[in-house]
Amino acid sequence: MNEPGTHEFEVVSTRDVHIGRVVGLRVDEVSMPGGATAQREVVEHLGAVAVCAVGDDGAVTLIHQYRHPVHDRLWELPAGLLDVDGEEPVDTAARELAEEAGLSAARWDTLVEVAASPGFTDEVVRVYLARELTPVRREAHGDEEADLTITTVPLAEAVGMALSGELVNGATVAGVLAAHTVLAGDRSPRGPHAPWRHRPMTFAERFRDGV
C-alpha cells in the first residue's frame, strides 16, 4: 500500500443515472488504497456565481427567495448558473446582478470559491465583490424570481445574520464574511478574471458534446 496522501483515485468505470436540465447524477467505481474499489455517487452541476454588491454606504444587497429543496425563503446574494456557453463568469455575475437586483457595478473583484458539498457534488460557486453601483432596469426571469424581494443591510449586520443562522446559503455566508474582511483592509481580493481551478465543467461539456 502507498503512503497516505499518495494514492491515485482512478475511475475504473462510470454510469449515468440521470441527466437533467440543471444537474446530472452518475455513479463512479473508484480504485481505493489496498486494491479494492468503491462506488461514489456524483451530482454534476453547471457551477454558479454570486455577487456581494456593496454600496458606497457600506450596505450589501440581499434577496429573499423561495428555495424548494428546503421549503423556505432564504436570504441570499444575487446569484445564477453558468449556463451560457462561452460567457465569462464575471459577465454572468454582472448579468445576474442586473436581473435579480437591478444593479450595475463598475468595479469587480473575486472574493472566494465555495464547494457546496464536495462529498457528493462538483458544484462550486465563485463569489464576486461588486462596488461602485448604479441602478438599472430589473427584469425577473423564472417563477421564483418573480416572487423574490430585495433589501440592503449594513455589511456588519449581514455578518451578524450569518453568525446567528439567519443566513444559511453557503456562498452567501462565505461572501459576506470575505467582503467584510476585504473592506476592513485585512486582505486584498483577487482580480475578476483570477484562475478558477475547481470550476465544474463536466456537466456543461455533456451538452457541448450533444449528450
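Basis of the calculations
Residues numbered from 1 in each chain as written. Predicted model: local features only at pLDDT ≥ 70, side-chain atom pairs only at ≥ 80, totals over all residues. Heavy atoms only, no water. Helix = DSSP H or I, 4+ residues; strand = E, 2+ residues; numbered from the N terminus. Buried < 20%, exposed > 50% of the residue type's maximum accessible area, 1.4 Å probe, protein only. Pairing = 2+ DSSP bridges.

Caption draft 1: Representation of unusual backbone geometry. If you check the backbone angles, His71 has positive phi at about 50° while not being a glycine. One can find His71 in the loop between strand E5 (59–67) and strand E6 (72–76). Using a relative accessible area of 57% as the deciding quantity, one classes His71 as exposed. You will see that Glu132, though not glycine, has its phi angle at about 55°, which is positive. Along the chain, the position of Glu132 falls in strand E9 (residues 124–135). A relative accessible area of 43% places Glu132 in the partly exposed class.

Caption draft 2: Representation of the pairing of strand E4 (residues 48–53) in the model. Across the six residues that make up E4, a large majority, six, are buried. Every second residue of E4 is oriented toward a common face, with Ala48, Ala50 and Cys52 on one face and Val49, Val51 and Ala53 on the other, all of them buried. Note that E4 and strand E7 (residues 79–81) share three bridges and pair antiparallel. Bridge assignment links Ala48 to a residue of E7, and that residue is Leu81. Both E4 and E9 contribute to a ladder of six bridges, which runs parallel. Looking at the pairing, Val51 lines up with Tyr128 of E9.

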